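The chain contents come next:
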Amino acid sequence: TGDKQQLPKVRESVYEWFGLHLSPAKRIEFMYGLLHMCQPLELRFLGSCLEDLARKDFHVLRDFEIRANSSSDLGLLTDVTDPVARSKLLVCLSLLGSDNRECAGILFRILSHVDPALLLLAVLFTMASLHPAFLFHQRGKLRMQLEKLEQKTPSVSPCLCLLTINK
């Protein structure tokens, strides 16, 4: 029963750690890892929940989704040092269809020519390295670029945060 009493406190600590102490890139990576630990029926249930949450923004994002999955629109976003282009790339990766290999290839070419020293690109590289539309070798190369970027950036270890939660 002691563990049951601790659960709400631990849960709140994890929520706080996730929401306040992780960067957007690390939040995405953490959630991706958790999803891979789920059973197929759990994934289907969570997919339904995500679909319901996303439905409220469907009309707002519909035009963006069409553009995100258009190779002609993506081809214009080549300068990732431009904050507007970088913002559009984030939107495109967020809304890219999981089977859109053509647009994933365009995004891969754009991201392949980026200096990983640009710290603001961690979310872009995290999303691209995990996105199912990218081919396996593309995800691997993007993951290597992300790791180079992370070596230059100090970050908080998830293990250290969770150890402090259990104190």
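The shown structure was predicted, so the numbers you read here are calculated from the model rather than taken from an experiment. (Residues numbered from 1 in each chain as written. Predicted model: local features only at pLDDT ≥ 70, side-chain atom pairs only at ≥ 80, totals over all residues. Heavy atoms only, no water.)

A few words on the overall build of the chain. Helices and strands together make up the secondary structure of the chain, namely 10 helices and zero strands. Going from the N terminus to the C terminus, the chain shows its helices and strands as α-α-α-α-α-α-α-α-α-α. For the chain, the proportion of its 167 residues judged to be buried stands at 28%. Restricting to contacts in the chain with at least 6 residues of sequence separation, those with at least 24 account for 68%. (Helix = DSSP H or I, 4+ residues; strand = E, 2+ residues; numbered from the N terminus. Buried < 20%, exposed > 50% of the residue type's maximum accessible area, 1.4 Å probe, protein only. Contact = heavy atoms within 4.5 Å.)

Aromatic rings in a pair are described by how distant their centres are and how their planes are angled relative to each other. One pass over the structure, following the stated rule, counts two aromatic pairs. Judged by centre distance (4.9 Å) and plane angle (85°), the rings of Trp17 and Phe30 are edge-to-face. Note that Trp17 is positioned in helix 1 (residues 2-21) and Phe30 in helix 2 (residues 24-36), a separation of 13 residues in sequence. Of the residues examined, Phe30 reaches a relative accessible area of 27% and is grouped as partly exposed. Between Phe18 and Phe30, the aromatic rings sit 6.0 Å apart at their centres with planes inclined by 50°, giving tilted as the arrangement. Of this pair, Phe18 sits in helix 1 while Phe30 sits in helix 2; the two residues are 12 residues apart in sequence, bridging distant segments of the chain. Here the aromatic residues Trp17, Phe18 and Phe30 are joined through ring pairs into a cluster of three or more. (Phe/Tyr/Trp six-rings, centres within 6.5 Å; stacked < 30°, edge-to-face > 60°.)

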